[in-house]
Every structure is written in structure tokens, then in C-alpha cells.
Amino acid sequence: MKLTPEVVRHVAELARLELSEAEIHRYTEQLSAILDYAARIQAVDTSQVPPTPYVLSRVNVLRDDASEPSLPVDEALANAPDREDGFFRVPAIFEE
Amino acid sequence: MDPRPLHQWTVHQLLEGLGQGAFSAQELAQHLLERIQAVDPQLHAYLRVEPERVLAQARQADRRRRSGDRSPLLGIPLAVKDVLVTRGVETTAGSRILQGFVPPYTATAVARLEAAGAILLGKTNTDEFAMGSSTENSAYGPTRNPWNLDRVPGGSSGGSAAAVAARLAPAALGTDTGGSVRQPAALCGVVGLKPSYGRVSRHGLIAYGSSLDQVGPIAQDVADAALLLQIMAGPDPRDSTSLDTSVPDYRAVLGRTIQGLRIGLPQEYFTGGIQPEVDRAVRAAVAQLEDLGATVVPIRLRTLEMALPVYYLVATAEASANLARYDGIRYGRRTPAATVMDTYRRTRGQGFGAEVKRRIMLGTYALSAGYYDAYYLKAQQVRTLIRQDFEAAFQQVDVIASPTSPTTAFRLGERTEDPLQMYLADIFTVSVNLTGMCAISVPCGFDEAGLPIGLQLMGPHLGEERILQVAYAYQQVTEWHRRCPPSASPEQEQAARTRDSRP
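Residues numbered from 1 in each chain as written. Chains lettered and ligands numbered in written order. Predicted model: local features only at pLDDT ≥ 70, side-chain atom pairs only at ≥ 80, totals over all residues. Heavy atoms only, no water.

Engineer: Any chance you could explain the overall build of chain A here in plain terms?
Structural biologist: Across its full length, chain A holds three helices and two strands. Reading chain A from its N terminus to its C terminus gives the helix and strand order α-α-α-β-β. Relative to the globule expectation of 12 Å for 96 residues, the C-alpha radius of gyration of chain A, 23 Å, shows a markedly less compact shape. Projected onto its principal axes, the C-alpha positions of chain A cover 55 × 45 × 25 Å. Buried residues in chain A amount to 30% of all 96 residues. By sequence separation, contacts in chain A at least 24 residues apart represent 30% of the contacts at least 6 residues apart. Working note: accessible area of chain A is about 6800 Å², and carbon and sulfur atoms make up 53% of it. Side chains of chain A carry 9 positive and 18 negative charges; the gap between the two charge centres is 7 Å. (Helix = DSSP H or I, 4+ residues; strand = E, 2+ residues; numbered from the N terminus. Rg over C-alpha atoms; globule rule 2.2 N^0.38 Å. Buried < 20%, exposed > 50% of the residue type's maximum accessible area, 1.4 Å probe, protein only. Contact = heavy atoms within 4.5 Å. Areas by Shrake-Rupley, 256 points an atom, 1.4 Å probe, with all protein chains shown as cover. Lys, Arg positive; Asp, Glu negative; His and termini not counted. Charge placed at Lys NZ, Arg CZ, Asp CG, Glu CD.)

Here is the structure:
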């Protein structure tokens, strides 16, 4: 599978990664090689095979809907790069 | 009393010594801290050691013991891989994006060991977000293999494996998503155990591949690995994938005969790029198990060649979703920009290293519109075939034996330019994660360059007792696990001391 730099740019956009031109070209080459290697699974007949996203059979693990002590606001915000009045501070999301 | 210096004692030996009052927890901690200070500058196994905190906890352990406390790990210092969060102690996952992150809580696996009396000795180096097989992907510089400083310790739990091998910690925690406990254990000549999926809580383990990740012990011998697993295992209300199946007494199987146990030898694991000395050592180990009364059964595991591609599609897809949280908003580093979108892009572009970005890209691609069926879904279907392959094998045998890694430790820099070559280091270990099984790596010899070789024993899901039983029996008749690298042996110590005391 030969990727193009355009596809790699698109994927970087989806992944919210700012990449340099040099990185785009390096990843185009390296990801193509990895996908070539991964192509060996394409030949396997899986038409009758269900997927395994998860190896345990447990589903819907439930607990009582009871409230428990949670992190104090100060501790929850202690690692924030920017905060104000008990909130995370971020650049404006909506334009004026 | 045992004349060896304290750093050469195993956890169970140290517990005995502490219990008899042969030495105090403070003396033990002081001794290990001095060793770390003397030896770790050459290895870089640790990212963080806080001596004051360690000594304060050791003194507290001594007080508790004097007042009659008999907690099972009271006063034992343990090293912890830096992808497990520790309250009040910086945790970076080997990444620049988490530099300065001080977690407000402690991972359940670590908290249970601490509740049993263990002391957090330090946080160990890791490939960034546990993505790598050599510890060279750490943003804070690589760890070196104590057996040969030009070689990698394996990865991603390379810091923990090197720390135990160099006797800079009696035991340590690692995490294993595709072999990250077992492969470095093999390359450093120590014991590494990957528990079954669901056996140990993942709460507080910084997520890489959520359907694959497990916390596991790295130790000098099988008895210590069983002891740590015993304390960590069991359900946790904070991890809904932790199983409520009762935890057996793992130490009860140690010493039990392996007479009549069937050991599968999969032909596919002994072909291709395997180093001849590894092949020989693993076959010799299996022959020794046969001498102990086990029956060796040749088996086939035809899905081996599918395991690595499936793993790298599944793990990276899960990683691309898990690492979306590092956006520079709530924690970690932020690279400011005018818009929130550019803040995300720039923070992530600059905060993540090359391998992490490569895996996020691969995973995002495999999950993206138009490619999902061909890659992600296909990989999940082939994963089913791999499971079925192993389920069929475990109808015939109790345990499967193989090399842990196809080669011994490679040179620093040897594989960094070729991601595929690096991924091949995991070829024998990833199937265990894809299927949820358990496996242990134990030292089984050395190559001609004096580098350790690991024997992998795989068991079915929740088959920890069987692999521990076999691994323990093997260590009763072998000495490989008692060997330690030059920097950890008394003779070398003596030489170093003489050198240091020279005017």
C-alpha cells in the first residue's frame, strides 16, 4: 500500500497533529512500509469470522448509582496549563 | 547471616531478614539509594528517585514493624514504571507532553503494594507511552542494558528490567501491551510476568491499548513474581475490565511437581530470524523440563505470522483514541496558539515524540473512513483466528514454551531508523496480549557475547498457576536467574570501592 503525502496530511489533520514537511515525507515512507507488511492479513479468508474487539465475555458491568467523594476542584485543576476562577482556561472556541 | 550485600537479596529473602531484625527497612533503603546513586548514572534506569520520601517511608515501616505490624511487604522498596500514576510523584510516561504532571491519585496496582507495606523507591524509564521495544523512545534519553552498556535493555519497561538486573531494586512493576514486561526481562536476564487480561486492575495505568494492557511484576525469581502478583490481582471497582474471579494462592503451586504436565513446542516459533544461540538455549530448557517429568508435545501455531500485523493495527487504533486526551487543556504541556484547534495541533505535534506520532497516525489511518473495514475490522477478525489457534493448542497441552525474543539485546541505535525491524522484536510476545492469555519470561542462558536469553512460558487465560508452577520448577534446577551483571556482583563492587578510595 503506497500512501501519498496528501493522505498522510489528511490523517495528521484528523489526529490533530501539526507535522513538518520533513515529518510528512518520512511518515509517508514509513507508514507505507508498515502497511505493506500488514497487507499479509488481507489474504486471510474472514468472511465467516466475527471480530474480537475485546477478549473478556463480561458486558455491562453495573454498580449502584451512588455518589462518592470526588477530587477537590483545586486538585483537579492543579495540573492545568492555564486556569481561572476554578475553571480550565482555553483559547476562544467561537469566533465573535 | 547471609553475607551478600542487601541489594543481591530477593524480596522473599529481604522479608525474612526484616522479620528477623537482621537489618532495618531504613538500612535497606539507604543501601539501595546509595547503589542507585553510584550505578544509575551509567544505566539511566530511573527517571525519578526521591531519597527523602523513601527514607521517611522506610523509617515508618520500621516503626510499624516494631509495633507488631506484619503486612506482607512491609519495608520492601519497589521500582515502578513511569506509566503508572503515583500520587504526589511526577509521572511522565516517558513523554515531554506530561513533563511536570503530578498525579492526584495512585494506580490501583501500586496502591495495593503500598497498602501491603511496600515503598515506592522510584519511577523507571520507559519508551514514551510504553510504545517501543528498546526504551530508546523515552523523551528523557535511553536506558542501557546492565550486561553491556552498548546494548538496549529492551522495552518498553526497560527501566524496570534494568533496575532489577543491576540490583538497583529488589523487584519492579512494568506494563505489557505487546511484550513490554517479558521482552525487557528476557534481554536483561530477569523474570517478567504478564498476567491474564482482567487479572490486575488497569486503573491508573496510563492507557496505550486498552484491550491489551496489563500491569506485571519484574523480579529476580519466580517466587517474587508470584508474591507481587498475589497482592496486585483481583477486582477493582475502578476498572470494569478487572475480573471478580477469585484469586488463587499462587505460592501454593510453587514446588509442586510438573510430572505429567504437557508442554507444547510450537514449530513456528523456532524458524526464520531466530538467533541460533536463542534456539539452542530454549530447546535445552525444554529438555530440562522433560527431565523433570513433563511431556513435550510438538504443536503448530500457524497464526504466528499474522500476530504482528494484527497487533500493530489493533494497538495503534486503540492508542490513537486513548492519546486524544493529550490536548494541552486539562493537564500536561500546552503550546499556546491563537485558536483552540491550533493549540491542539501544536501541543500534540511538539509534545509527542516520533514513534508516538507514527503510531497515532497508523491507528488513525486504520480507523478512518474508507480504510476501517480493510484494516481495523480485518485485524479484529484475524484476532479471532489467533484466539482459536491458541484455544485449540491448549486442548492438547498445559503450557506452551517458546523464546521470549528472537534475539538477545541489540545495540543502541541499531533499529531506531527502521520501525519494522523494531516491531519484529515483539513477534513472539504479542499473541499473548491479543488473546488475553498469561505468560512469563525466565532466564535460560546466555549467548556468546554474554547477553541473557529468555524462555517464554505461555498459559491460557487465568492459567497463571500453571506457568508459575513450571517456571518455578525450572528455577529449582537452574542457576541462570542467580547470575547478575558485573556492576551488581560483589567482586565488581570491591573493585569500584578500591577505585573510589584512591586519592
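Engineer: What exactly am I supposed to notice about the interface of chain A and chain B here?
Structural biologist: A common way to state how big an interface is: give the accessible area lost once the parts meet. In this assembly, 49 residues from chain A lie in contact with 70 residues from chain B. Of the roughly 5300 Å² buried at the junction of chain A and chain B (both faces included), carbon and sulfur atoms supply 65%. The largest contributions to the chain A side of the interface with chain B come from Glu 18, Ile 41 and Asn 79 of chain A, which together make up 13% of the buried area. Linking chain A to chain B there are seven salt bridges. Among the ionic pairs, Lys 357 of chain B bridges to Glu 23 of chain A, the shortest N-O distance being 2.7 Å. At the junction of chain A with chain B, the criterion picks out 26 residue pairs in polar contact (both at pLDDT 80 or more). For the side of chain A that touches chain B, the secondary-structure elements that each account for two or more residues are helix 1 (5-14) and helix 2 (21-38) of chain A. For the side of chain A that touches chain B, the leading source of residues is helix 2 of chain A, giving nine residues. Across the side of chain A that touches chain B, the residue classes tally to 35 nonpolar, five polar and nine charged. (Buried area = accessible area lost by both parts, 1.4 Å probe. Salt bridge = Lys/Arg side-chain N within 4 Å of Asp/Glu carboxyl O. Polar contact = N/O pair within 3.5 Å; in protein donor to acceptor, adjacent residues only side chain to side chain. Nonpolar A, V, L, I, M, F, W, Y, C, P; charged D, E, K, R; others polar.)

Engineer: What am I meant to see in the confidence of the model for chain A here?
Structural biologist: Detailed reading of the predicted coordinates is not advisable wherever pLDDT is low. Averaged over every residue, the pLDDT of chain A is 93; the share at 70 or more is 97%. Within chain A, the lowest mean pLDDT, 94, falls on strand 2 (residues 87-88) of chain A, and the highest, 97, falls on helix 1 of chain A. (pLDDT = per-residue confidence, 0-100.)

Engineer: What should I look at first to understand the pattern of salt bridges in this one?
Structural biologist: In a structure, side chains of opposite charge can pair up when their charged atoms sit close to one another. Inspection of the entire model under this criterion finds 27 salt bridges over all chains. Between Arg 345 of chain B and Glu 13 of chain A there is a salt bridge whose closest N-O contact spans 3.5 Å. Of this pair, Arg 345 of chain B sits in helix 10 (residues 340-351) while Glu 13 of chain A sits in helix 1, on two different chains. Residues Arg 359 of chain B and Glu 355 of chain B are paired through a salt bridge, measuring 2.6 Å at the closest nitrogen-oxygen approach. Of this pair, Arg 359 of chain B and Glu 355 of chain B both sit in helix 11 (residues 354-367), separated by four residues, roughly a single helical turn.

Engineer: How should the environment of Gly 445 of chain B be read in this particular structure?
Structural biologist: Residues and elements named next belong to chain B. By secondary structure assignment, the location of Gly 445 is in strand 10 (residues 438-446). Sequence separation between Gly 445 and Ile 36 is 409 residues; the distance between their C-alpha atoms is 27 Å. Once you skip the residues sitting within four places of it in the chain, Gly 445 turns out to touch Leu 451, Pro 452, Ile 453 and Trp 480.

Engineer: Please explain the pairing of strand 3 (residues 119-124) of chain B as it appears in this structure.
Structural biologist: The two faces of the sheet receive side chains in turn, since in a regular strand these alternate between them. Residue and element names in this part refer to chain B. Within strand 3, six of the six residues are buried, which leaves the element mostly enclosed by the surrounding structure. In terms of strand pairing, strand 1 (residues 46-48) meets strand 3 through two bridges, oriented antiparallel. When the bridges of strand 3 are listed, Tyr 46 appears paired with Thr 124. As paired elements, strand 2 (residues 77-81) and strand 3 share five bridges and run parallel to each other. Note that in strand 3 the partner of Pro 77 across the bridge is Ile 119. Crossover strand 2 to strand 3 through helix 4 (residues 108-115) is right-handed. (Pairing = 2+ DSSP bridges. Right-handed = clockwise from strand over helix to strand, strands pointing away.)

Engineer: Would you explain the nonpolar core in this entry?
Structural biologist: As a rule of thumb, nonpolar side chains are buried together in soluble globular proteins. All names here are of chain B. By size, the foremost hydrophobic cluster in this structure holds 182 residues, and its most contacted members are Leu 73, Phe 129, Ile 440 and Leu 457. Per element, the largest residue contribution to this core is 11 residues, and it comes from helix 9 (residues 304-322). In this structure Phe 129 touches Ala 93, Ser 95, Ile 97, Leu 98, Ile 206, Tyr 208, Leu 323, Tyr 326, Phe 352 and Val 356, once residues within four positions along its chain are discounted. (Core = buried A, V, L, I, M, F, W, Y, C linked by side-chain atoms within 4.5 Å.)

Engineer: Looking at this structure, how should I read the layout of surface pockets?
Structural biologist: Left-over empty space is what a probe sized like a water molecule reveals as it rolls over the atoms. Its volume calculated, the second largest pocket comes out at about 430 Å³. Residue lining of the second largest pocket: 21 residues in total, with Val 85, Phe 101, Tyr 105, Arg 325 and Tyr 331 of chain B positioned closest to the centre. (1 Å grid on protein atoms, 1.4 Å probe; cavity = no way out; pocket = protein on both sides within 12 Å on 5 of 7 lines; lining within 4 Å. Points joined across faces, edges and corners; volume = space filled by probe spheres on them.)

Engineer: What is the right way to look at unusual backbone geometry in this model?
Structural biologist: Most peptide bonds take the trans configuration, and most residues that are not glycine carry a negative phi. A cis amide bond links Gly 155 of chain B with the next residue in sequence, Ser 156 of chain B, at an omega value of 10 degrees. By the secondary structure assignment, Ser 156 of chain B is in the loop between strand 3 and helix 5 (158-165). We note that Asn 60 of chain A has phi near 50 degrees; this positive angle belongs to a residue other than glycine. Relative to the elements of secondary structure, Asn 60 of chain A occurs in the loop between helix 2 and helix 3 (73-77). We note that His 44 of chain B has phi near 60 degrees; this positive angle belongs to a residue other than glycine. Checked against the element boundaries, His 44 of chain B lands in the loop between helix 2 (25-43) and strand 1.

Engineer: How do you make sense of the pairing of strand 11 (residues 452-459) of chain B when you look at a structure like this?
Structural biologist: Residues and elements named next belong to chain B. Burial analysis of strand 11 places eight of its eight residues in the buried class, the great majority of the element. Burial along strand 11 is two-sided: the face carrying Pro 452, Gly 454, Gln 456 and Met 458 and the face carrying Ile 453, Leu 455, Leu 457 and Gly 459 are both buried. Both strand 9 (residues 399-403) and strand 11 contribute to a ladder of four bridges, which runs antiparallel. When the bridges of strand 11 are listed, Ala 401 appears paired with Leu 457.

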